[in-house]
Amino acid sequence: PQISGVFRIPLGDECVTLERPLEESPYLIATIESKNVEVAFGADGLTFDSKGNLYIGNFADGTLHKVAFAADGSPRPPEIFARAPFMKSCDGIFCDVTTDKIYIADSIANAVQVVRPDGSVYTLAQDPENDGTSGQLDQPCEVLLRGNEIISSNFDFPVPGGVNTKYETPNTIVRIPLDGR
């Protein structure tokens with residue numbers, strides 16, 4: 001398995017040099033294990049909900065991990081918060097703190113998934129293989145909420161098992177209207 005880490009560096013410690021072994025670093029707050037050997041990516045995407053919980057995307061396994069913090073700010077071990085058989089990857093993530101819904105760029109499935117506060121997942125938008133010229137998803141890698149719409153950027157970098165199988169001229173921005181958020 002591939003192991004990824006998330007490090008928290010306090011303000012004032014900006015010139016830190018992380019020494020090996022990294023797993024012994026006092027700045028390490030979470031490790032994420034990826035089991036998908038065909039896709040060599042690990043932790044990818046961070047966001048916080050309205051309660052201050054940290055969420056970490058696991059690109060290769062398509063899982064969303066949650067790190068809660070104790071009253072003194074110390075992190076609890078990460079736990080898988082959301083997974084679904086149709087969520088193939090977890091790339092860029094964004095939390096709408098007014099609803100605590102988390103929007104996920106699912107690059108491998110060529111989709112944008114939504115995780116509800118209870119951890120259930122549904123697909124907001126998904127497109128077949130395309131070149132993005134019609135404003136479609138073409139391997140989304142980042143998502144953000146702007147007003148009542150999701151803006152996604154496309155990466156167009158084929159990954160094993162993904163809907164996107166070839167490189168094309170980049171057409172990078174997608175707008176997905178939200179009805180009733």
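Everything below is about the structure printed above this text.
Per chain, residue numbering runs from 1 following the sequence as it is written. Reporting in this predicted model follows two pLDDT cut-offs: at least 70 for local features of residues, and 80 or more for side-chain atom pairs to be given and counted; totals over whole chains, interfaces and linings ignore these cut-offs and use all residues. Just so you know, side-chain values use all the structure's heavy atoms and leave hydrogens and water out.

**Student:** Account for unusual backbone geometry, with residues named and values stated.
**Tutor:** Geometrically, the link from Arg20 to Pro21 is a cis peptide bond, its omega value of 5° lying close to zero. Each helix is a run of H or I in the DSSP string that is no shorter than four residues. Each strand is a run of E no shorter than two, and both are numbered from the N terminus. Here Pro21 is to be found in the loop between strand E1 (2-7) and strand E2 (28-34). Phi is positive for Asn110, which is not a glycine, with a value near 55°. Residue placement: Asn110 occurs in the loop between strand E8 (101-106) and strand E9 (111-115).

**Student:** Describe the sheet that holds strand E6 (residues 79-82), with residues and values.
**Tutor:** Criterion used throughout: strands pair if DSSP finds at least two bridges between them. Spatial strand order, E3-E4-E5-E6: 4 strands in an open sheet with antiparallel pairing. With partners counted over all chains shown, the strands left at the sheet margins are strand E3 (43-48) and E6, one partner each. Between one strand axis and the next, the sheet turns by 35° as a mean value, whatever way the strands run. Alignment of E3 against strand E4 (residues 54-58), held across 4 bridges, turns out to be antiparallel. Convention adopted: a line fitted to C-alpha atoms gives each axis, helices being fitted over their contacting stretch, and angles between N-to-C directions are expressed from 0 to 180 degrees.

**Student:** Lay out the environment of Asp127 in plain terms, naming residues and giving numbers.
**Tutor:** Summarising the element assignment, Asp127 is placed in the loop between strand E10 (121-126) and strand E11 (140-146). To sort residues, take the accessible area from a 1.4 Å probe on protein chains only and compare it with the maximum for the residue type: under 20% means buried, over 50% means exposed, and anything in between is partly exposed. Take Asp127: its relative accessible area is 19%, and that puts it in the buried class. Expressed as a C-alpha distance, the spacing of Asp127 and Asn36, which sit 91 residues apart in the sequence, is 23 Å. By the convention used here, residues are in contact when the closest approach between their heavy atoms is within 4.5 Å. Beyond its immediate sequence surroundings of up to four residues, Asp127 is in contact with Ala109, Asn110, Gln136, Leu137 and Val163. Any N or O atom pair separated by 3.5 Å or less is treated as a polar contact, with the protein-specific requirement of one donor-capable and one acceptor-capable atom, and with residues adjacent in sequence counted only for side-chain atom pairs. Within polar-contact distance, the side chain of Asp127 engages the backbone nitrogen of Leu137 at 2.8 Å.

**Student:** Please give an account of the packing of aromatic side chains that cites residues and values.
**Tutor:** Aromatic rings from Phe, Tyr and Trp, taking only the six-membered ring of Trp, are treated as a pair when their centres fall within 6.5 Å; an angle between ring planes under 30 degrees marks them as stacked, one over 60 as edge-to-face, and anything in between as tilted. Counted under the stated rule, the structure contains 4 aromatic pairs. With a centroid separation of 5.3 Å and an interplanar angle of 70°, the aromatic rings of Tyr55 and Phe81 are classed as edge-to-face. Taken together, the positions of Tyr55 in strand E4 and Phe81 in strand E6 put the pair 26 residues apart, joining distant regions of the chain. Ring centres 6.1 Å apart and planes at 75° place the aromatic pair Phe157 and Tyr167 in the edge-to-face group. Here Tyr167 lies in the loop between strand E12 (149-154) and strand E13 (173-177) and Phe157 lies in the loop between E12 and E13, a separation of 10 residues in the sequence. Joined through ring pairs, the aromatic side chains of Phe155, Phe157 and Tyr167 make up one cluster.

**Student:** Give me the lowdown on the sheet that holds E12, citing residues and values where you can.
**Tutor:** With respect to topology, 3 strands assemble into an open sheet ordered E11-E12-E13, the strand pairing being antiparallel. If you trace the sheet from one side to the other, it starts and ends with E11 and E13, each paired once. The sheet shows a mean angle of 25° between the axes of neighbouring strands, direction not considered. In this structure, E11 lies alongside E12, joined through 6 bridges in antiparallel fashion. What sits directly across from Leu145, in E12, is Ile150.

**Student:** Can you tell me about the pattern of salt bridges, naming the residues and giving the values?
**Tutor:** What makes a salt bridge here is a side-chain nitrogen of Lys or Arg within 4 Å of a carboxyl oxygen of Asp or Glu, nothing more. One pass over the full model with this rule turns up 5 salt bridges. A salt bridge links Asp100 to Lys51, with the nearest nitrogen and oxygen atoms 3.0 Å apart. With Asp100 in the loop between strand E7 (93-96) and E8 and Lys51 in the loop between E3 and E4, the pair connects residues that are 49 residues apart, well separated along the chain. Of the residues examined, Asp100 reaches a relative accessible area of 10% and is grouped as buried. We note a salt bridge from Glu149 to Arg175, for which the minimum N-O separation is 2.4 Å. One end of the pair, Glu149, is in strand E12; the other, Arg175, is in strand E13, with 26 residues separating them in the sequence. Judged by relative accessible area, Arg175 falls into the exposed class, the value being 51%. Among the charged side chains, a salt-bridge network with shared partners connects Arg146, Glu149 and Arg175.

Taken by themselves, the reported measurements are silent on function.
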